[in-house]
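Summary of structural features
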Amino acid sequence: MKYRTVVMYMEIGCFVSCLCGWILVCSTLPTEYWTFSEVGSVVLTTSNYYSNLWRDCISDTTGVSDCKDYPSMLALPAFLHACRALAVCSVITGFFGGILTLVGMKCTKIGGSEVANARVTFAAGITYLVSGFCGMITYSWWANKLVTEFLDPTFRAQKFEIGAAVFVGWGGSTLLISGATVMTYFSGKEGLPSKSPKRPRRPATYATARTRQTYMLPNTSSRGNMGPPLYYEGRKSRGTRAPTKTSATFNRDSFV
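Residues numbered from 1 in each chain as written. Predicted model: local features only at pLDDT ≥ 70, side-chain atom pairs only at ≥ 80, totals over all residues. Heavy atoms only, no water.

Just so we agree on the cut-off: UniProt positions are given in the numbering used here, feature names are shortened, and annotations may be inferred rather than shown by experiment.
An unreviewed UniProt entry annotates the protein chain as Claudin-10 of Notothenia coriiceps. If you open the UniProt record of the protein chain and go to Sequence similarities (unreviewed entry), you find "Belongs to the claudin family."

In structure tokens form, the structure reads like this:
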């Protein structure tokens, strides 16, 4: 199997992993079960409190539930604003990462050359990594706050436990990070230029140095100090040979 075929199947697998992770992260935003708490000692009067980034909800054993949005946006703590921003950034960057992956993958044949497609896929992998880390920070920060408040003996307010949406978000963020890491490695290996090691130069010898001096044209300023001649001094060219002696000519009177 050719290397290009292996990379193509790896890109498809990474894209499916990132797409599934992005869908899981998106599914947690409208879900109310980010936090969960059960209050009451009698079964008939038990109430369940649960909330997410946008609202608080309550339900009882009779099946009646009621949700209420947060009344004021400016009155919310900075922790909640940061979690909202990170969650939205995770969804947006994951969306653009999917578009870049569809353009740059080898099986789609939408982009230009192989190097251009590899660079687009590398950008998609980086975008997916940003999406995965934003989601992981959001869910981990939220869970850390809940665990800290639950284990704090001096915390007198109502204590909550980690809801199911946080675990789903952890799974989706893990799929995003793992798929994007493999995609970035293979595409970066092909698309980004790598510095090739310089070949060791052949050591100069007397023959090579003499040959270079012989066939290199000297500068105009140093034409008087030329290197070795193009021929040995013992040899004479045809144009510079000494004229040969011609035989003497005689006329009729010379024999008289």
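A look at the pattern of salt bridges
Test applied: Salt bridge, as used here, is a side-chain nitrogen of Lys or Arg placed within 4 Å of a carboxyl oxygen of Asp or Glu. Secondary structure follows DSSP: runs of H or I at least 4 residues long count as helices, runs of E at least 2 residues long count as strands, and numbering of each begins at the N terminus. Per-residue accessibility, obtained with a 1.4 Å probe over protein chains only, is compared with the maximum for each type, and a residue is labelled buried under 20%, exposed over 50%, and partly exposed between these values.
What the rule picks out here adds up to 2 salt bridges. Arg-55 serves as the salt-bridge partner of Asp-69, at 3.4 Å between the closest nitrogen and oxygen. Remark: Arg-55 occurs in strand 3 (residues 55–60) and Asp-69 occurs in strand 4 (residues 65–69); sequence separation between them is 14 residues. For Arg-55, a relative accessible area of 29% gives the class partly exposed.

Digging into the packing of aromatic side chains
Threshold: Pairs were defined over the aromatic rings of Phe, Tyr and Trp, the Trp ring being its six-membered one, requiring ring centres within 6.5 Å. Orientation was assigned from the angle between planes: stacked under 30 degrees, edge-to-face over 60, tilted for the rest. A ring has a charge above it when a Lys NZ or an Arg CZ is no more than 6 Å from the ring centre and no more than 35 degrees off the ring normal.
Within this structure, the stated rule accounts for 10 aromatic pairs. Ring centres 6.5 Å apart and planes at 40° place the aromatic pair Trp-22 and Phe-95 in the tilted group. Of the two residues, Trp-22 is situated in helix 1 (residues 3–28) and Phe-95 in helix 2 (residues 78–104); the sequence distance between them amounts to 73 residues. Ring centres of Phe-95 and Phe-96 lie 5.6 Å apart, and the angle between their planes is 75°; this geometry places the pair in the edge-to-face category. Among the residues examined, Phe-96 registers a relative accessible area of 46% and is labelled partly exposed. Taken together through their ring pairs, the aromatic side chains of Trp-34, Phe-79, Tyr-139, Trp-141 and Trp-142 make up a single cluster. Sitting over the face of the ring of Phe-150, Lys-159 holds its NZ or CZ atom 5.9 Å from the ring centroid.

Observations regarding the UniProt feature "transmembrane region" (unreviewed entry) in the protein chain
The UniProt entry lists residues 7–25, 78–104, 116–142 and 162–186 under the feature "transmembrane region" (unreviewed entry), expressed in the numbering used here. For residues 7–25, helix accounts for 100% and strand for 0%, while the C-alpha atoms at its two ends are 27 Å apart. The span residues 162–186 is 92% helical and 4% strand by assignment, and the distance between its end C-alpha atoms comes to 37 Å.

Digging into the sheet that holds strand 1 (residues 35–39)
Note on sheets: strands pair through backbone hydrogen bonds, and any given pair is parallel or antiparallel. Filter applied, for reference: Being paired, for any two strands, means DSSP has found at least two bridges between them.
Ordered in space as 4-3-2-1-5, the 5 strands form an open sheet in which the pairing is antiparallel. Of all strands in the sheet, those with a lone pairing partner are strand 4 and strand 5 (161–162), marking the two edges. Examined bridge by bridge, strand 1 and strand 2 (residues 47–51) share 5 bridges and lie antiparallel to one another. Counted as the bridge partner of Glu-38 is Asn-48 from strand 2.

What to know about the packing of helix 3 (residues 114–151) against helix 4 (residues 164–191)
Axes are the key here: two packed helices are described by the angle between their axes and the distance separating the axes. Defined as follows: Axis angles are defined between N-to-C directions and span 0 to 180 degrees, where every axis is a line fitted to C-alpha atoms and, for a helix, only to the segment in contact. An angle below 35 degrees is read as roughly parallel, one above 145 as roughly antiparallel, one from 65 to 115 as roughly perpendicular, and any other as oblique. If you view the pair so one helix is near and one far, a crossing is left-handed when the near helix is turned anticlockwise from the far one by less than a right angle, and right-handed when it is turned clockwise. Residues are grouped as follows: Ala, Val, Leu, Ile, Met, Phe, Trp, Tyr, Cys and Pro are nonpolar; Asp, Glu, Lys and Arg are charged; all remaining types, including Gly, are polar.
The contact between helix 3 and helix 4 brings their axes to 7 Å, and the two run at 155°. Taken together, helix 3 and helix 4 sit at an angle that is classed as roughly antiparallel. Two packed elements cross with a definite hand, and for helix 3 against helix 4 that hand is left-handed. Tallied by class, the residues present in the contact of helix 3 with helix 4 amount to 19 nonpolar, 14 polar and 3 charged.

Concerning the state of the cysteines
Put simply, the rule reads: Cysteine sulfur pairs qualify as disulfides if the two atoms are within 2.5 Å.
A full pass over the atoms with the stated rule returns 1 disulfide. One disulfide bridge connects Cys-57 with Cys-67, the sulfur atoms lying 2.1 Å from each other. Judged by the torsion about the S-S bond (110°), the Cys-57/Cys-67 disulfide is right-handed. Of this pair, Cys-57 sits in strand 3 while Cys-67 sits in strand 4, and the two are 10 residues apart along the sequence. Overall, the relative accessible area of 4% leaves Cys-57 in the buried class. Cys-18 supplies the cysteine sulfur nearest to Cys-20, a cysteine that is in no disulfide, at a spacing of 9.4 Å. For Cys-20, a relative accessible area of 37% puts it in the partly exposed group.

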